[in-house]
Amino acid sequence: MLHRTIHLFRKELRLHDNPVLLAALESSEALYPVYILDTAFLTSSMHIGALRWNFLLQSLEDLHKNLGKLGSCLLVIQGQYELVLRDHIQKWNITQVTLDAEMEPFYKEMEANIQRLGAELGFKVLSLVSHSLYNTQRILDLNGGSPPLTYKRFLHILSLLGDPEVPVRNLTAEDFQRCRAPDPGLAECYRVPLPMDLKISLESLSPWRGGETEGLQRLEQHLTDQGWVTSFTKPRTIPNSLLPSTTGLSPYFSMGCLSVRTFFYRLSNIYAQAKHHSLPPVSLQGQLLWREFFYTVASATPNFTQMAGNPICLQICWYKDAERLHKWKTAQTGFPWIDAIMTQLRQEGWIHHLARHAVACFLTRGDLWISWEEGMKVFEELLLDADYSINAGNWMWLSASAFFHQYTRIFCPVRFGKRTDPQGDYIRKYLPILKNFPSKYIYEPWTASEEEQKQAGCIIGQDYPFPIVNHKEASDHNLQLMKQVREEQHRTVQLTRGERCCSTHIPCAVAHRRSSGTWALGLGFGCFSRMLFHVGYEHHEQLFWLLLKCCPKFENKSVTLFFLPSPLGASSCLLQKCFPKTRSSPPAPPADPSAPGWLHVSPRCRNLCSSARASCKPSLLTSLLVFVTMICPMR
């Protein structure tokens, strides 16, 4: 039986790669595309500033236009979502409600309420995941029901899952022609509201225009430069460039205007054609996997967006200083680099990720010792790409409350910006009051003489504030506080601690200490991985013998090798090899591969190896991701 369906848009404000909308079209004789603008729900669940409201309304208007091109329309109904659904389900004789599955607690609660309403009124509810690469529940199940709390563990679970599901096909006018469209009068009755209808300032307009159309155009623009895509490494982008040095696509992913799976596979196609490309965690795909990591951890961590009751977060007695918090938020700290960033955030709704690092460190463990929750709320209000999981996860990271453990690294509010913009062009743009200062004073205008300040037309202490703190004194004091907290809460620290690097004698190799008696060695992706391909699979043992001879501390260890064709790879295989401590010459290839002490590969793994060699291009095989886990034998 075909349904009469309400398709409920929530965060997936697009037509491409929208599996639940496609399922709704294929199972319905009549389809009502609906967005319920429940302002009470939105404002109680999250902090939304004027820039994000405008971006949302622009995205809804774009969605309405794109639906119109296919013979349908978007109905934006204002009101409490449960009352709206109850009313229109009966009015339109609805038998099915479809919606995108989300992982935020408030969206999960909404879906549960809709399920209960369906049981009461007799309609079916269908929800599918499309906002993330993976269904986070599958990751949790593979990890024993709990979230992987380190990025390395997370990547291991993904290697077991294989590649994400591919995007579904694009929708066509024929898909909508099979379903009865809403009456044209409804579109006028339930039009997308204007900002003035919601009392939103028209002055609050960001350079980022909302909508699927704009998002796809930006995506195509970036993917055209394949050299930039393949060489992208996030730490090397510039935090104070006047134009974004990253993709600037995050607002479109956050609002669901762009499909993350579409981006992932477009990147995969480009990587497959390249001789060399950057790899996770710093590559573009690596950024998508970081997003997935925080989604997974947030989905199964109680009180993820707060400190109290959060089992993975350090419990820190932060200062409560409303005055300093307000000065940070309103760009009045007296540090031009910090204030320029906060000005850009307020004006445009976007700042570079390293700029986010700088202001977050300054507010929390670096200078002001104010809770990360306060900064998270400001970002949630002002950022166009504010996201429940990523925002909270990054703030815990940057405040060293969880995930990040090199807490002695503190961003200097003067030197950090100087490194990439010594002339201070970024500061001059966003803090024009300082634009006439010579470059040597632009980051520290309080060091200019009174005469030089007069010549610049800005007197420090009158036209622009003195620094809110002495950075050296404050950071040294806070460092001691953090050290004490981490010593007292050692068990919590260990929950999200990754591996700590030590040096080896092999280029492109990094050894990691995992636990007592256990070591892990991750091989780099440069010349060594290319050598693995050129000599062929049958000679891996000789190469790793050479590796071990150069790393004596790894001799007499059991070695486990993981080969994952990039990206991540569904056709991964496990190879295991034991290297005797007394061997003084490279091993010869064994006549019998199953002989004891040699390479052991199951028939399934042999098939996977053969499949990988047959189906992968050499350029893909050269970027094999190789994990080597060396476990000390039991004594």
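- The protein is annotated in an unreviewed UniProt entry as Photolyase/cryptochrome alpha/beta domain-containing protein of Zonotrichia albicollis.
- Within the UniProt record for the protein, the comment given under Sequence similarities (unreviewed entry) is "Belongs to the DNA photolyase class-1 family."

**Some words on the overall build of the protein**
Item 1. A count of helices and strands for the protein gives 29 helices and 11 strands.
Item 2. Buried positions account for 57% of the 635 residues belonging to the protein.
Item 3. Once local pairs closer than 6 in sequence are excluded, the contacts in the protein between residues at least 24 apart make up 75%.
Item 4. If you sum the accessible surface of the protein, you get close to 27800 Å²; carbon and sulfur atoms cover 54% of it.

**As for the UniProt feature "site: Electron transfer via tryptophanyl radical" (unreviewed entry) in the protein**
Item 1. Look at the UniProt record and you will see "site: Electron transfer via tryptophanyl radical" (unreviewed entry) annotated at Trp318, Trp372 and Trp395. Across 78 residues in sequence, these annotated residues keep their C-alpha atoms within 13.9 Å of one another, forming a single compact spot.
Item 2. Position of Trp372 relative to the elements: it lies in helix 18 (residues 372-382).
Item 3. The class of Trp372 is buried, set by a relative accessible area of 0%.

**Some words on the pattern of salt bridges**
Item 1. Counted by the stated rule, this structure contains 21 salt bridges.
Item 2. Between Arg169 and Glu26 there is a salt bridge, with its nearest N and O atoms 3.8 Å apart. You can see Arg169 sitting in the loop between helix 7 (151-161) and helix 8 (173-177) and its partner Glu26 sitting in helix 1 (residues 19-26), a full 143 residues away along the chain.
Item 3. Across the salt bridge formed by Lys454 and Glu450, the nearest N and O atoms sit 3.7 Å from each other. Pair noted here: Lys454 and Glu450 are both in helix 23 (residues 450-456), with a separation of four residues, about one helical turn.

**Details of the side chain of Arg356**
Item 1. Looking at the secondary structure, you find Arg356 in helix 17 (residues 353-366).
Item 2. Overall, the relative accessible area of 16% leaves Arg356 in the buried class.
Item 3. Looking at Arg356, its side chain comes within polar contact range of the side chain of Asp385, at 2.8 Å.
Item 4. Beyond its immediate sequence surroundings of up to four residues, Arg356 is in contact with Ser250, Trp350, Ile351, Phe379, Leu383, Asp385 and Leu398.

**Side note on the packing of helix 15 (residues 322-329) against helix 18**
Any two packed helices are characterised by the angle at which their axes cross and by the distance between the axes.
Item 1. Interhelical geometry of helix 15 versus helix 18 gives an angle of 35° and a closest axis separation of 11 Å. Here helix 15 and helix 18 pass one another in a crossing that is right-handed. Residues Leu325, Trp328 and Lys329 of helix 15 form the contact with helix 18, whose participating residues are Glu374, Gly375, Val378, Phe379 and Glu381.
Item 2. In terms of residue class, the contact of helix 15 with helix 18 is made up of four nonpolar, one polar and three charged.

**Things to note about helix 18**
Item 1. The element helix 18 is extensively covered by neighbouring structure, given that eight of its 11 residues are classed as buried.
Item 2. Taken as a whole, helix 18 has its buried residues at Trp372, Glu373, Gly375, Met376, Val378, Phe379, Glu380 and Leu382.
Item 3. On its buried side, helix 18 packs onto helix 3 (50-69), helix 15, helix 16 (336-348), helix 17 and helix 19 (388-398).
Item 4. Capping the start of helix 18 is the job of one residue whose side-chain oxygen sits 3.1 Å from the backbone nitrogen of Glu373: Ser371.

**Points about the packing of aromatic side chains**
Item 1. Counted under the stated rule, the structure contains 31 aromatic pairs.
Item 2. With a centroid separation of 5.2 Å and an interplanar angle of 90°, the aromatic rings of Trp290 and Trp397 are classed as edge-to-face. Of this pair, Trp290 sits in helix 14 (residues 284-299) while Trp397 sits in helix 19, and the two are 107 residues apart along the sequence.
Item 3. A residue is classified by how much of its surface remains accessible, and Trp290, at 19% relative accessible area, is buried.
Item 4. Counting every residue linked through ring pairs, the aromatic cluster contains Tyr151, Phe154, Trp290, Phe293, Phe294, Trp397, Phe403 and Phe404.

**Some points on the nonpolar core**
Item 1. Residues Tyr35, Trp92, Ile114 and Trp328 are the most contacted members of the largest nonpolar core, which totals 164 residues.
Item 2. The element contributing the most residues to this core is helix 14, with nine residues.
Item 3. Setting aside chain neighbours within four positions, we find Trp328 in contact with Thr333, Ile338, Met342, Val359, Phe362, Leu363, Leu368, Gly375, Val378, Phe379 and Trp395.

**With respect to the sheet that holds strand 1 (residues 3-9)**
Either a parallel or an antiparallel arrangement is found when strands of a sheet pair, and the pairing is made through backbone hydrogen bonds.
Item 1. One open sheet accounts for five strands, arranged 3-2-1-4-5; its pairing is parallel. In this open sheet, the two edge strands, each paired with only one partner strand, are strand 3 (75-78) and strand 5 (124-129). Pairs of neighbouring strands in the sheet enclose a mean axial angle of 30°, with direction left out of account.
Item 2. Where strand 1 and strand 2 (residues 28-37) come together, seven bridges link them in parallel fashion. Across the sheet, residue Ile6 finds its bridge partner in strand 2, namely Tyr32.
Item 3. Against the sheet, helix 1 contacts strand 1, strand 2, strand 4 (96-101) and strand 5, and its axis sits at roughly 145° relative to strand 5.
Item 4. Strand contacts of helix 5 (residues 105-121): strand 1, strand 4 and strand 5, with the helix running at about 165° to strand 4, the strand carrying the most contacts.

**Things to note about the side chain of Gln489**
Item 1. Turning to its location among the elements, Gln489 is positioned in the loop between helix 24 (471-488) and helix 25 (490-495).
Item 2. Contacts of Gln489, omitting those with residues within four sequence positions, involve Leu314 and Gln315.

Rules of the game
Residues numbered from 1 in each chain as written. Predicted model: local features only at pLDDT ≥ 70, side-chain atom pairs only at ≥ 80, totals over all residues. Heavy atoms only, no water. UniProt positions renumbered as here; feature names shortened; annotations may be inferred. Helix = DSSP H or I, 4+ residues; strand = E, 2+ residues; numbered from the N terminus. Buried < 20%, exposed > 50% of the residue type's maximum accessible area, 1.4 Å probe, protein only. Contact = heavy atoms within 4.5 Å. Areas by Shrake-Rupley, 256 points an atom, 1.4 Å probe, with all protein chains shown as cover. Salt bridge = Lys/Arg side-chain N within 4 Å of Asp/Glu carboxyl O. Polar contact = N/O pair within 3.5 Å; in protein donor to acceptor, adjacent residues only side chain to side chain. Axes fitted to C-alpha atoms, helices over the stretch in contact; angles between N-to-C directions. Left-handed = near helix turned anticlockwise from the far one by under 90°. Nonpolar A, V, L, I, M, F, W, Y, C, P; charged D, E, K, R; others polar. Phe/Tyr/Trp six-rings, centres within 6.5 Å; stacked < 30°, edge-to-face > 60°. Core = buried A, V, L, I, M, F, W, Y, C linked by side-chain atoms within 4.5 Å. Pairing = 2+ DSSP bridges.

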